[in-house]
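Summary of structural features
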Amino acid sequence: MFYIIGLGLCDESDVTVRGLNAIKNSSRVYLEAYTSILMVEKDRLEAFYGRELILADRDVVETQSDEILHNADTEDVSLLVVGDPFGATTHTDIILRARALKIPTRVIHNASIMNAVGASGLQLYNFGQTVSLVFFTETWKPDSFYDRIKENADLGLHTLVLLDIKVKEQSEENLARQVPPYLFEATFSLTLGHRGRKIYEPPRYMNIPQAVSQLIEIESLRRTGTLDPEKTLAVALSRVGGGSQHQRIVAGTLANLSKQAPEVFGEPLHSLVIVGKRLHHLEVEYAEDFAVDKGNWRDVASKVYGCALD
Ligand SMILES: C[S@@+](CC[C@H](N)C(=O)[O-])C[C@H]1O[C@@H](n2cnc3c(N)ncnc32)[C@H](O)[C@@H]1O
């Protein structure tokens, strides 16, 4: 049996009992760690699950899935995914591949950012299409997310914006030039052993001010008024599921959020919600608790969004 098991959003104790049983019975257990991350290191997971975990990078999951699926028709093999297995599009591919090889599969679900975003107070039923925002470079600024946000906004729906993470970006040239020798050696020896001379950049996680600045940059090119810094409400979420110790939720206009220091938003991972106009007063009142400027939050909600507040 090939199991694909959601680990939830926070730490080793978020696995379900069903998931843990499957892990314990598997002859090999892979951990997918490039579409999302937990708030703890791999060794904490290994100690709790009582199993050694094999890190599966994008190459392995997307192009060498036969390595993971090897013998899964005769023994149990598990692939662990942070959040829910269907919270990232990547994982349907490997299930299709298993099906094609006539390997029985089972999915074990868990909490995902796709539903935990409800912690913002915004109702899940009022969300439209989810979008991903990638790091812009000087020469590459993909902006199709803007069309999806506009489509949602035209229907009055909220948009969940997932922010780019780069956890295993290969760049030999950059590494040789930018990374101090001690880090170069550590990274080099980690990766050299099993897959040739691949060298990776340090992980990068997009933060909220970067995300807002990229959204405004595209708005200034498109000029449809979908993302107005002073009139568009947004809610930033970090480490959702991590409890009061880790989780941060910050609400305001895009301008409010862009003026905050990155530390205000907490540690990665981060997500951002662009609030749609079909806004219920309970959503406004719940999220008001997270607002950097409560007066402005209520003002924009009532005057711009037309929400009836007391
Ligand atoms: C490609 S999605 C993978 C989602 C994962 N499979 C799930 O079901 O939650 C990864 C993105 O989701 C968002 N994300 C994941 N976990 C999060 C958390 N605990 N708090 C805030 N955002 C999170 C971040 O924007 C991150 O870059």
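Model, not experiment: these values are computed from the prediction. (Residues numbered from 1 in each chain as written. Predicted model: local features only at pLDDT ≥ 70, side-chain atom pairs only at ≥ 80, totals over all residues. Heavy atoms only, no water.)

**Let's talk about the packing of aromatic side chains**
Summed over the entire model, instances satisfying the criterion amount to two aromatic pairs. Considering the side-chain rings of Phe48 and Tyr49, the 6.2 Å spacing of their centres and the 70° angle between planes classify their relative orientation as edge-to-face. With a relative accessible area of 0%, Tyr49 lands in the buried category. Here the guanidinium or amino end of Arg204 rests over the ring plane of Phe135, the centre of that ring lying 4.3 Å away. Its end group placed over the ring of Tyr305, Lys277 keeps NZ or CZ at 5.2 Å from the ring centre. (Phe/Tyr/Trp six-rings, centres within 6.5 Å; stacked < 30°, edge-to-face > 60°. Buried < 20%, exposed > 50% of the residue type's maximum accessible area, 1.4 Å probe, protein only. Lys NZ or Arg CZ within 6 Å of the ring centre and 35° of its normal.)

**Let's talk about the UniProt feature "binding site: S-adenosyl-L-methionine" (unreviewed entry) in the protein**
The sites that carry the UniProt feature "binding site: S-adenosyl-L-methionine" (unreviewed entry) are, in the present numbering, Leu9, Asp84, Gly87, Ser112, Ile113 and Leu163. Structurally, the position occupied by Leu9 is in the loop between strand E1 (2-6) and helix H1 (17-24). Since its relative accessible area comes to 16%, Leu9 is described here as buried. Not counting chain neighbours up to four residues away, the residues in contact with Leu9 comprise Asp14, Leu38, Met39, Gly83, Ala111, Ser112, Ile113, Ala116 and Val240. (UniProt positions renumbered as here; feature names shortened; annotations may be inferred. Helix = DSSP H or I, 4+ residues; strand = E, 2+ residues; numbered from the N terminus. Contact = heavy atoms within 4.5 Å.)

**Let's talk about the sheet that holds strand E6 (residues 131-133)**
Strands sit in the order E6-E7-E12-E10-E11 across an open sheet of five strands; the sheet is mixed. Only two strands of the sheet have a single neighbouring strand rather than two, namely E6 and strand E11 (248-253). Neighbour-to-neighbour, the strand axes of this sheet turn through a mean angle of 25°, independent of strand direction. One ladder, built from five bridges, connects strand E10 (residues 233-238) with strand E12 (residues 270-274); its direction is antiparallel. Bridging across to E12, Ser238 finds its partner in His270. Contacts between helix H7 (residues 144-154) and the sheet are confined to E6, strand E7 (159-163) and E12, with E6 contributing the most and set at about 140° to the helix. (Pairing = 2+ DSSP bridges. Axes fitted to C-alpha atoms, helices over the stretch in contact; angles between N-to-C directions.)

**Re the pairing of strand E2 (residues 28-32)**
The side chains of a regular strand alternate, residue by residue, between the two faces of the sheet. A large share of E2 lies buried, amounting to five of its five residues. Both faces of E2 are covered, namely the face carrying Arg28, Tyr30 and Glu32 and the face carrying Val29 and Leu31. Bridge count for E2 against strand E4 (residues 77-81) is five bridges, and the pairing is parallel. Each residue of the ladder has a partner; that of Glu32, found in E4, is Val81.

**So, the site of the ligand**
In the vicinity of the ligand there are 20 residues, among which Asp84, Ser112, Leu163, His270 and Ser271 approach most closely. One of the backbone nitrogen or oxygen atoms of Leu163 is found 2.6 Å away from an oxygen atom of the ligand. Contact distances for the ligand include 2.7 Å between an oxygen atom and a backbone N or O atom of His270. The fraction of the free accessible surface of the ligand (570 Å²) that becomes covered by protein chains is 94%. For the shell around the ligand, the secondary-structure elements that each account for two or more residues are E7, E10 and E12. When its residues are assigned to classes, the shell around the ligand shows ten nonpolar, eight polar and two charged. (Near = heavy atom within 4 Å. Polar contact = N/O pair within 3.5 Å; in protein donor to acceptor, adjacent residues only side chain to side chain. Areas by Shrake-Rupley, 256 points an atom, 1.4 Å probe, with all protein chains shown as cover. Nonpolar A, V, L, I, M, F, W, Y, C, P; charged D, E, K, R; others polar.)

**A closer look at the sheet that holds strand E5 (residues 105-108)**
As summarised here, the arrangement of the five strands in space is E3-E2-E4-E1-E5, forming an open sheet in which the pairing is parallel. In this open sheet, the two strands that pair with only one neighbour each are strand E3 (54-56) and E5. With strand direction ignored, the average angle separating the axes of adjacent strands in the sheet is 25°. Bridge analysis of E1 against E5 gives four bridges, and the strand direction is parallel. Opposite Ile4, over in E5, you have Val107 as the bridge partner. Most of the contacts of H1 go to E1, to which it runs at about 140°, and overall it touches E1, E2, E4 and E5. Against the sheet, helix H5 (residues 90-100) contacts E1, E2, E4 and E5, and its axis sits at roughly 165° relative to E1.

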